[in-house]
Amino acid sequence: MIEVETQLARVLGESRQLPSDTVALAAAHGRYLAESLVSRYALPPWTNSAMDGYAVRSDDVAAASPETPVILDVVADLPAGTASDPSLASGQAARIMTGAPVPADADAIVPVEATDGGERRVRITAPAKRGVHIRSAGEDRQPGDPLVTAGSRGSAEALSALASAGYGTVSVARRPRVAVIATGSELVAPGEALERGQIPDSNSLLISSLAIEHGSELVDVVRVSDEVAELEAALQALAGRCDVIVLTGGVSMGAYDPVKELLSPGGQVRFEKVAMQPGKPQGFGRLAEPWVGEGELGPLVFGLPGNPVSAWVSFLVFVRPCLRALQGASVVEDPRLSARAETGWRTPPGRRQYLPARIRTTESGVVVSPAAARGSGSHLVGSLADANGYAIVDARVERVEEGDVVQVVRLMSDVGARL
Ligand code: AMP
Ligand code: MG
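Student: Is there a simple way to think about the overall build of the protein in this case?
Tutor: Within the protein, the secondary structure is distributed over six helices and 27 strands. Whereas a compact globule of 419 residues would reach a radius of gyration of roughly 22 Å, the protein reaches 30 Å, over 25% beyond that. A principal-axis box enclosing the C-alpha atoms of the protein has dimensions of 95 × 55 × 40 Å. Within the protein, the proportion of its 419 residues that are buried is 48%. Entry remark: accessible area of the protein is about 19700 Å², with carbon and sulfur atoms responsible for 50%. For the protein, the distance from the average site of its 39 positive side-chain charges to the average site of its 50 negative ones is 3 Å.

Rendered as C-alpha cells:
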C-alpha cells in the first residue's frame, strides 16, 4: 500500500500546465490567469469626488456653520464623465457629482447635505478640511503596481480589478479536454427501467459534472460493458482528442475488471493500492503508443474505483488537483478546516478515511456529521445528496467520538461555494 501523498505526487508530477489562450475578460471567469499582471492605469485614474456636493477651496469655507453660512458662486457643473477642469477663484465653487474629476483649484468637497443645493449660488453650512471627500489619483494602484499573480483565479473580484486597470483581455491556460468512460455491464442510462442486476450509471454524471465544475471542456461521456474490446474501442476513439480520460469501475481484483486487464500489462497505467478509504484501488498513468501517434504525448488516464462514493472521493483527492495543475493553478489542494464532530463514527484501521459529510457553521464554530446516517459505505450513493464536503480522519484513529476535532474540506466548485 502507498500513501495518498505518494499517489498525489505522481499525479501532479505528470500534470504539466497546458498552453494558454488570450481571451476577453468575461471569458476568463473561473479560469486561472497564466501571467502576473501590473496595473496599466493609476487607480483611480484621476483625482475625483467621493460625494455629490461642491468642489471648493477649503480656506473659503473654514468658518462655515449653520449660524454663519458661507455663500459661494457656483461657476461650473461637473457630472461624472466630464473632462472639464474649471478654474475656481476664491469665493467660487463647482457643483460636482461622485466620480467627476476634481478641479485643480479645489482642495475639498462639501457634501450636498451641508448645503442648500443651490445651482448659481450655494449656501454652505459646514467647514470642509483640505482633502476631504477627495479620492486621489493612484491611491489604490500606481501604473506598474502588481495587480494579479499568475495561477490565481479569474474571480469576479480579480476581473473587476483588471478591467479597472486597463485590461480588456487576459491570458488563461487552455481548458483541459476531459472524457469520461464508465465501465460495467450492469450499467444502464439514468431513468431507464432496471432489470434484475442492473443499476443506473451515476458515475458518468458525477465525474463529468465535477470535471466541468473544475474548468474542463467535456469531450465525451461513454458507457461501456465489461468487455475489454468495447473499452479498447472507446479508448482508441478518445486517446488523440483528450488531455485527461477518467475511467470508473473495473480496477480491482475481480474477474471482470476490464480497465485493469487492458491497461495494466503495458505499464503505461499503474494500478496501486492507496492507504485510504474509500478509494483504495487507483489506476493512473499516461497513454503512449500505440494509443497515440509516435512521439505524441497521450492523455493522462485515471482508473477510479466504481463505487460511487469511492469515485467521488478519488476525483476530489486526485483528479481535481490534476485539473487545477493543468490550468496552472498556484494552489491545487483545498483548504482544510477544523470541525467538531456532532456525532461519533467508526473509521477503518490503517487507512486514512475520507467520509462524505455535512459541514455546517454554527455560533460555536464549524461542526461536521456523516452524510450517511448508517455509517460509511462506498456504495451509499444516496448519501452523496447530503454531502457538502468530507471529513479526513488520520489512519491511526479508530473511532471519532462526538466532540472530537477533525479536519474537513468544504466542497467548492471552482466556480463558487456550495451550500
Ligand atoms: P467495480 O469497481 O467495477 O468493481 O464496481 C464497484 C461497484 O460500483 C459495483 O457495485 C458497481 O455496480 C458500482 N458501479 C460501477 N460503476 C458504476 C457507475 N458508473 N455508476 C454507479 N455504480 C457503479
Ligand atoms: Mg465493474
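The structure having been displayed, the exposition proceeds.
Student: I keep staring at the pairing of strand E20 (residues 300-304) and nothing clicks. Help me out?
Tutor: Here is the key point about a regular strand: its side chains alternate between the two faces of the sheet. Most of E20 sits out of view: five of its five residues are buried. Burial of the side chains of E20 extends over both faces: Leu 300, Phe 302 and Leu 304 are buried on one face and Val 301 and Gly 303 on the other. Examined bridge by bridge, strand E16 (residues 244-248) and E20 share five bridges and lie parallel to one another. Note on E20: the bridge partner recorded for Thr 248 is Leu 304. Relative to E20, strand E19 (residues 281-286) is paired through four bridges, and the arrangement is antiparallel. Bridge pairing links Phe 284 to Phe 302 in E20.

About the criteria used
Residues numbered from 1 in each chain as written. Chains lettered and ligands numbered in written order. Predicted model: local features only at pLDDT ≥ 70, side-chain atom pairs only at ≥ 80, totals over all residues. Heavy atoms only, no water. Helix = DSSP H or I, 4+ residues; strand = E, 2+ residues; numbered from the N terminus. Rg over C-alpha atoms; globule rule 2.2 N^0.38 Å. Buried < 20%, exposed > 50% of the residue type's maximum accessible area, 1.4 Å probe, protein only. Areas by Shrake-Rupley, 256 points an atom, 1.4 Å probe, with all protein chains shown as cover. Lys, Arg positive; Asp, Glu negative; His and termini not counted. Charge placed at Lys NZ, Arg CZ, Asp CG, Glu CD. Pairing = 2+ DSSP bridges.

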